[in-house]
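Inside the fold
The chain contents come next:
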Amino acid sequence: MDKIIITIDGPAGAGKSEVAKRVARELGYKYIDTGAMYRAIAWKILKSKINAENDEELQQLIDNTEITWQPEENVFHIFVDGEEITDEIRTQSITKKSNEISKIKKVREYLLILQRKAGLEKGIIMEGRDIGTVVFPQAERKFYLDATLEERAKRRYKDLIKQDQGIKPEKIKEAIRVRDEKDKNRSLNPLKAASDAILIDTTNLSLEEVVQCILDKINKR
Ligand code: DC
């Protein structure tokens, strides 16, 4: 079967990353995590201590930043200027900063170019917030994953506990709620399902069930 572009969008904690990794493995596709790219820029902004709201400072940072990645079966390795930051970008401060800077036009335009380049080679599954609507509106298969806020907060809590980041469940729920609101209401490329996306509510589904559902829809092409 010809290789295609598959997009997965949805809010934080809907299960996009795990599902995308598994589907990629089943199909022999490359998995691309665009949230990691926003996090990489946030990491560099925090490290360089520039003011991201200042156009010139931000442009200079972008001109002098190289973001690269290496998808492996279970890990999306990401590098800034050759330095691997895969684990470092999962902190709460980077989560917050990446959400803040995702509303800046320059940042989105810069990442859009990188993301579209990645799609020149088909056989990719790319996940994020605006992949089916803006990055690849012509993608052959689009999915939008969602789940209740309670369920997504529960999943995020389990993840953070694994990484030993001490945080209370109620705080996680509130942080996700705020992030959802910002992602959905920003004026530039807000989070929403593409009109031709297949919607999957993952609240009561296991990872395997979601993966199977997606594979079935892809095979039915
Ligand atoms: O998926 P994530 O939690 O790693 O994403 C971090 C932030 O990046 C998220 O709050 C919004 C932003 N983002 C975006 O605006 N567009 C994307 N395609 C992916 C992520």
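Up top is the structure these notes are about.
Cut-offs and rules
Residues numbered from 1 in each chain as written. Predicted model: local features only at pLDDT ≥ 70, side-chain atom pairs only at ≥ 80, totals over all residues. Heavy atoms only, no water. Helix = DSSP H or I, 4+ residues; strand = E, 2+ residues; numbered from the N terminus. Rg over C-alpha atoms; globule rule 2.2 N^0.38 Å. Buried < 20%, exposed > 50% of the residue type's maximum accessible area, 1.4 Å probe, protein only. Areas by Shrake-Rupley, 256 points an atom, 1.4 Å probe, with all protein chains shown as cover. Lys, Arg positive; Asp, Glu negative; His and termini not counted. Charge placed at Lys NZ, Arg CZ, Asp CG, Glu CD. Axes fitted to C-alpha atoms, helices over the stretch in contact; angles between N-to-C directions. Parallel < 35°, antiparallel > 145°, perpendicular 65-115°, else oblique. Contact = heavy atoms within 4.5 Å. Nonpolar A, V, L, I, M, F, W, Y, C, P; charged D, E, K, R; others polar. Left-handed = near helix turned anticlockwise from the far one by under 90°. Pairing = 2+ DSSP bridges. Patch = residues over 30% accessible without salt bridge, like charges linked within 9 Å, V, L, I, M, F, W, Y side chains within 5 Å. Salt bridge = Lys/Arg side-chain N within 4 Å of Asp/Glu carboxyl O. Near = heavy atom within 4 Å. Polar contact = N/O pair within 3.5 Å; in protein donor to acceptor, adjacent residues only side chain to side chain.

Focus on the overall build of the protein chain
A tally of regular secondary structure across the protein chain gives nine helices and eight strands. In terms of overall dimensions, the protein chain is globule-like: its C-alpha atoms have a radius of gyration of 17 Å, near the 17 Å expected for 221 residues. Principal-axis analysis of the C-alpha atoms gives the protein chain an extent of 50 × 40 × 30 Å. Going through the 221 residues of the protein chain one by one, you find that 48% of them count as buried. Counting every atom, the protein chain has about 11500 Å² of accessible surface; 48% of that belongs to carbon and sulfur. Taken together, the 41 basic and 39 acidic charged side chains of the protein chain have centroids lying 3 Å from each other.

What about the packing of helix α2 (residues 34-48) against helix α4 (residues 92-101)?
Direction vectors running N to C along α2 and α4 enclose 105°, while the axes themselves pass 8 Å from each other. The angle between α2 and α4 falls in the class roughly perpendicular. Between α2 and α4, the residues in contact are Tyr 38, Arg 39, Ile 41, Ala 42, Trp 43, Ile 45 and Leu 46 and Ser 93, Ile 94, Thr 95, Lys 97, Ser 98 and Ile 101, respectively. Its residues placed into classes, the contact of α2 with α4 shows eight nonpolar, three polar and two charged.

A look at unusual backbone geometry
Positive phi is not limited to glycine here, since Asp 81 has a value of about 50°. Along the chain, Asp 81 turns up in the loop between β4 (76-80) and β5 (83-84). One non-glycine residue, Asn 189, lies in the positive phi region at around 40°. Note on placement: Asn 189 falls in the loop between α8 (169-185) and β8 (198-201). Take Asn 189: its relative accessible area is 22%, and that puts it in the partly exposed class.

Regarding the packing of α2 against helix α5 (residues 105-118)
Direction vectors running N to C along α2 and α5 enclose 135°, while the axes themselves pass 11 Å from each other. Viewed along their axes, α2 and α5 adopt a mutual orientation that is oblique. Crossing of α2 against α5: the hand is right-handed. Contacts between α2 and α5 involve Thr 34, Met 37, Tyr 38 and Ile 41 from the first element and Val 107, Arg 108, Tyr 110, Leu 111 and Gln 115 from the second.

Some details on the pairing of β4
Judged by how many residues are buried, β4 sits mostly within the fold: five of five residues are covered. Neither face of β4 is exposed, since Phe 76, Ile 78 and Val 80 on one face and His 77 and Phe 79 on the opposite face are all buried. The turn linking strand β3 (residues 67-71) back onto β4 is made up of four residues. Taking the residues between adjacent antiparallel strands as the criterion, β4 and β5 are bridged by two residues, where Asp 81 takes a positive phi near 50°.

Concerning the sheet that holds β3
If you trace the three strands from one edge of the open sheet to the other, you get β3-β4-β5, paired in antiparallel fashion. Among the strands making up the open sheet, the edge pair consists of β3 and β5. Packing against the sheet, α2 makes contact with β3, β4 and β5, and its axis sits at approximately 30° to β4.

Let's talk about a negative patch on the surface
Taken together, the side chains of Glu 72, Glu 83, Glu 84, Asp 87 and Glu 88 make up a negatively charged region of the molecular surface. Along the polypeptide, Glu 72 turns up in the loop between β3 and β4.

Re the site of the ligand
What surrounds the ligand is a group of 16 residues, the closest being Arg 39, Arg 108, Arg 129, Asp 130 and Arg 186. Asn 99 is positioned with one of its side-chain polar atoms (N or O) 3.0 Å from an oxygen atom of the ligand. Residue Arg 186 places a side-chain N or O atom 2.9 Å away from an oxygen atom belonging to the ligand. When the ligand sits alone it has 450 Å² of accessible area, and the protein chains cover 97% of it. Secondary-structure elements contributing two or more residues to the shell around the ligand are α2, α4 and α8. The biggest single contributor to the shell around the ligand is α2, with four residues. Of the residues in the shell around the ligand, the class split is two nonpolar, six polar and eight charged.

On their own, these measurements won't tell you what the molecule is for.
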